[in-house]
Amino acid sequence: MTEVKKLVEKEVLMNGTQAVAHAAMYADVDVVAAYPIRPYTEVMDTISKLIADGELDAEFIVAEGEHGQFETVKHASLAGARTLVGSSGVGWLYGMEAIVVTATDRAPVVAIIGNRALDDPGAYGVEHNDALMVRDVGWLLVWVDTAQEAFDTTLIAYRVAEDQRVLLPLGISMDGGFLTHSEQIVRLPPKELVKNFLPPYNRGKYLVHPDNPITVAPQVNEDWVMEIRRQHEEAMERARGVIVEAYEEFKKVFGRYPGSTNELQMPENPFVEPYMIDDAEVVLIGMGTVSKPMKVAIKNMRRQGYKVGMLRIRWFRPFPTQDVIKYLANSRVVCVVDRDYSMGSPNRGGVVYHEIRSSLYDLDQRPRVINFIGGLGGREITIQDVEKITKIGYEHRDTPITKPVYWVGVRGDPW
Amino acid sequence: MGVKDEVKYVEIVYRGIFQKRLAKYIAEGIVYTAREMGRPALSFGRYGDSPERNGVPAKYYVGIGNGVNEEDLIGYSTRVEPDLVDAIIVLDDTLLKGVESWAWQGVQPINLKLKNNGTMLVTSTKRINELLKMIPKKDFNWTLGVINTEPSFSGLWAFKDDLTMEKVWGGLAKLRPDIIDLDHLIKYVSKKQDANKRISAVKEAYSSVDYRSVMKGEGIDFVYNPPRLLTWQEMLEGTVIPAVPRGKRNELFKRGTTKFERPTVDFDTCIKCKLCWIYCPDECFDETPDGYYDIAYDYCVGCGICADVCPVKDCIVMVDESMFADYRRPYEMWKENKAKYKEWLKNVRQARKERVYVPGLGR
């Protein structure tokens, strides 16, 4: 504990977006492109103030819309600038053409996605479908669930995305409202230490510069596309190893695990967060802040004798298939809580549910998987909801699943 | 609705944009002071509110761990709003008549979520007994405190520091030392700029806050029936809602609690020009059989456009909402007794016309 105290410069009350902005300042970003949309906006409010106050020397560009916003950082990144960008909900989708080519041109842009429901109807609250729109186009995607984790993961994000073995854009997803607008205490490390962790951005032979005359993104059609996709997929696969390295290095430099506040809480896996999972018969799965009421509910249920645990999916791309298998293989029932949906999907369920089911398919002894669609558009998933989910999971330890998908707390469906 | 004593919650009710930062800074001060006391604490806004919109009632919360660690505190507080709160801070006495959030919950009583034996603290120049004419009764005893000050607009675009934060903290420390106590509050405040000035504001509020116990059943009747929202089978598809028939208004969505001042009409000088009826963006004016225009205050958001377009001097005048205890229609009052109405009009208009200059409010 005492050693960690030394590594904490100060403790500041800030919300998730402010935490990302401060981490971007510590990472000394060069170019920031902004266009407002709730709930991500405060990251730009904060960083513009940090620039105005002289704390950070960076270009702050207000774009004319999300398309221009993402084009701006893509080009800046190809020219060797460390960049920060972001959006939410339909704004993120409006920039989609630029967002897709950011990945194919291998620009390691770091974006914060303040998860928000897709219109209509207008809602500001969290829903993960906005970020999941890029799940198939080669973005790295990570979900964070506290302001501390948002800060730490932002530093890791630059290190992973800019690694020459990776060079891929990275989206840091955080729940609109429950994290973007909730102030928690963040332990900021001494600034000098960040230099030990985060090397300068170096594109090597891929730098667009007069001394290094190259062209990026020529029109090449069917002769090149397959090969480029194949390379892209390899880079995504290499990212797994780079992520592990980054977390190890983070522990070494800062003396604690990313997202934790002291050395006593040191979960061992970068990709997933296992919680009371070792002897769990029922395992709950979720992404983002839903893990917080889940943990409280699990403690309550454990006291009542339920053997229940949790696996929080932290990195969604690359997907932690092996970790999912490792932690779930011995469980009886897996309850996947999706803050998203996939209309008309194979089992009429959510995105994470289908990924988990797919990951477990090759096992000889598969646990049963039940899906809970909940918390859409910013609706709460309470501790009581999680306890109910656990009980439904428990009922299916020995009986086959009759209803694979439940909609949590929707008006009109008993669940 | 289970009482969670593992966490103490403070609710801060404020007017959107005008007091947004003020509410956030007050919450921040409570968090840091609680941490000085060795307790984990955090804060969050009720995100479904629209605090950027002028005057909209909005809420901010502080959660303080009462024997739980920081991680569990976050678990309990990953909420839109807590089920029950230990203390409510009301930053504008005109909010006491009820708040309507953006989310189709209807007009809620100001003390809806107050815990048994809870505390409510109001900034107001009115006395406790006057305020109780607007506050709904509870079926338990609770404490009402008043910090004697004008409603502060210091959360407006640029933060105008008028020491309202310090007064609120001081009042809270007096009434609820279990949430923040004076010693730790002063320790926190002394780290701020102009500390001496702030410390004396805290101490003054601490010693001068007026309060008393409110008995079970004391206060006004306020029947709150949350609207029943439709199930997915009942709703029209494709995000469709049916129009409100001509001449009617949406009973479920009033928005009248958004206003901190309301238009008053002098029917004796009204020339029936119809401009108020034409220009009102919320269609609050109803034409009467004799050609005057009555106001449905339930739906008036206090934008002041009617007062702006009215061509007759002092026919429509905006008056501070704290002068009114209810939403009674003015035309009825005028018809009942014209002389009495004239006298009443003179009184309310004289009292407090304006709290702060906000451009575009029609004065």
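Residues numbered from 1 in each chain as written. Chains lettered and ligands numbered in written order. Predicted model: local features only at pLDDT ≥ 70, side-chain atom pairs only at ≥ 80, totals over all residues. Heavy atoms only, no water.

Rules: UniProt positions are given in the numbering used here, feature names are shortened, and annotations may be inferred rather than shown by experiment.
If you look chain B up in an unreviewed UniProt entry, it shows as Pyruvate:ferredoxin oxidoreductase, gamma subunit from Saccharolobus shibatae. Among the UniProt annotations of chain B, the heading Cofactor (unreviewed entry) holds the following wording: "[4Fe-4S] cluster".

For chain A, an unreviewed UniProt entry supplies the name Pyruvate:ferredoxin oxidoreductase, alpha subunit and the organism Saccharolobus shibatae. The Subunit (unreviewed entry) comment attached to chain A in UniProt states, word for word, "Heterotetramer of one alpha, one beta, one delta and one gamma chain."

Structural notes on the pairing of strand 7 (residues 170-175) of chain A
All names here are of chain A. Heads up, the condition is: To sort residues, take the accessible area from a 1.4 Å probe on protein chains only and compare it with the maximum for the residue type: under 20% means buried, over 50% means exposed, and anything in between is partly exposed. Strands here are runs of E lasting at least two residues and helices are runs of H or I lasting at least four, both read from the DSSP assignment and numbered beginning at the N terminus. We call two strands paired when DSSP finds no fewer than two bridges between them. Consider the strands pointing away from the viewer: the crossover is right-handed when the path from the first strand over the helix to the second runs clockwise.
Counting buried positions along strand 7 yields six of six residues, so the element is predominantly enclosed. Both faces of strand 7 are covered, namely the face carrying Leu170, Ile172 and Met174 and the face carrying Gly171, Ser173 and Asp175. By the bridge criterion, six bridges tie strand 5 (residues 110-115) to strand 7 in an arrangement that is parallel. When the bridges of strand 7 are listed, Asn115 appears paired with Asp175. Pairing of strand 6 (residues 140-143) with strand 7 involves four bridges; the strand directions are parallel. What sits directly across from Leu141, in strand 7, is Gly171. A crossover connection joins strand 6 to the parallel strand 7 through helix 8 (residues 147-161); in handedness this β-α-β unit is right-handed.

Some words on the interface of chain B and chain A
Heads up, the rule is: Contact criterion: two residues are considered in contact whenever any of their non-hydrogen atoms come within 4.5 Å of each other. What gets called buried area is simply the loss in accessible area from a 1.4 Å probe that two parts show on being joined, summed for both. For this analysis, a salt bridge means a side-chain nitrogen from Lys or Arg found within 4 Å of a carboxyl oxygen belonging to Asp or Glu. For this scheme, ten residues count as nonpolar: Ala, Val, Leu, Ile, Met, Phe, Trp, Tyr, Cys and Pro. Four count as charged, namely Asp, Glu, Lys and Arg, and the remainder, Gly too, count as polar.
Contact residues are listed per partner, giving 36 residues for chain B and 38 residues for chain A. The three residues of chain B that bury the most area against chain A are Tyr47(B), Glu71(B) and Thr78(B), which together make up 25% of that side's buried surface. Joining chain B to chain A, the criterion identifies nine salt bridges. For the salt bridge of Glu183(A) with Lys24(B), the shortest nitrogen-to-oxygen distance reads 3.2 Å. Those elements that place two or more of their residues in the side of chain B that touches chain A are helix 1 (20-36), strand 2 (41-45) and helix 2 (70-77) of chain B. No other element matches the six residues that helix 2 of chain B contributes to the side of chain B that touches chain A. Per-class residue counts for the side of chain B that touches chain A are 15 nonpolar, nine polar and twelve charged.

A closer look at the sheet that holds strand 13 (residues 333-338) of chain A
All names here are of chain A. Rules: All axes are obtained by fitting lines to C-alpha atoms, using only the stretch in contact for helices, and the reported angles, taken between N-to-C directions, cover 0 to 180 degrees.
Taken in spatial order, the six strands line up as 9-11-10-13-14-15 in an open sheet, and their pairing is mixed. With one partner strand each, in any of the chains shown, strand 9 (272-275) and strand 15 (405-407) form the two edges of the open sheet. Here the average twist between neighbouring strands, direction ignored, is 20°. Of the pairings in the sheet, the one linking strand 10 (residues 282-286) to strand 13 comprises four bridges and is parallel in character. In the strand pairing of strand 13, Val282 is matched with Val333. Helix 14 (residues 383-395) rests against strand 10, strand 11 (308-313), strand 13, strand 14 (368-373) and strand 15 of the sheet, and its axis sits at about 135° to strand 10.

Thoughts on the sheet that holds strand 7 of chain A
Residue and element names in this part refer to chain A. With mixed pairing, seven strands are arranged side by side in an open sheet as 3-2-4-5-7-6-12. With one partner strand each, in any of the chains shown, strand 3 (59-62) and strand 12 (315-317) form the two edges of the open sheet. Taking each pair of neighbouring strands and ignoring which way they run, the sheet shows an average axis angle of 20°. Running at roughly 150° to strand 7, helix 2 (residues 16-26) makes contact with strand 4 (83-87), strand 5 and strand 7 of the sheet.

Overview of empty space enclosed by the protein
All names here are of chain B. To keep things clear, this is the line we draw: A 1.4 Å probe that fits but cannot get out identifies a cavity on a 1 Å grid over protein atoms alone, an open set with protein on both sides within 12 Å along at least five of seven lines counts as a pocket, and a residue lines either if it has an atom within 4 Å of a point. Grid points are joined across faces, edges and corners, and a volume is the space filled by probe spheres set on the points.
Following the criterion strictly, the structure yields six cavities of 30 Å³ or more and no others. Approximately 120 Å³ is the volume attributed to the largest cavity. In terms of lining, the largest cavity is formed by 14 residues, of which the most central are Cys270, Cys276, Cys310, Cys315 and Ile316. In terms of residue class, the lining of the largest cavity is built from twelve nonpolar, no polar and two charged. Each pocket or cavity is described by its volume, and for the second largest cavity that value is around 80 Å³. Taken together, 13 residues form the lining of the second largest cavity, with Cys280, Pro281, Cys300, Cys303 and Cys306 sitting closest to its centre. A class-by-class count of the residues in the lining of the second largest cavity yields eleven nonpolar, one polar and one charged.

Here's the deal with a nonpolar patch on the surface
All names here are of chain B. Just so we agree on the cut-off: To count toward a patch, a residue needs a relative accessible area over 30% and no salt bridge; like charges are then connected within 9 Å, while nonpolar side chains (Val, Leu, Ile, Met, Phe, Trp, Tyr) are connected within 5 Å. Shrake-Rupley sampling with a 1.4 Å probe provides the accessible areas, and residues are treated as covered by the protein chains on show and by no other component.
The grouping of Trp277, Ile278, Tyr279 and Ile305 at the surface amounts to a nonpolar patch, some 380 Å² of accessible area in total. Among the elements that line the nonpolar patch, the one with the most residues is helix 7 (residues 275-279), at three residues. Note on placement: Ile278 falls in helix 7.

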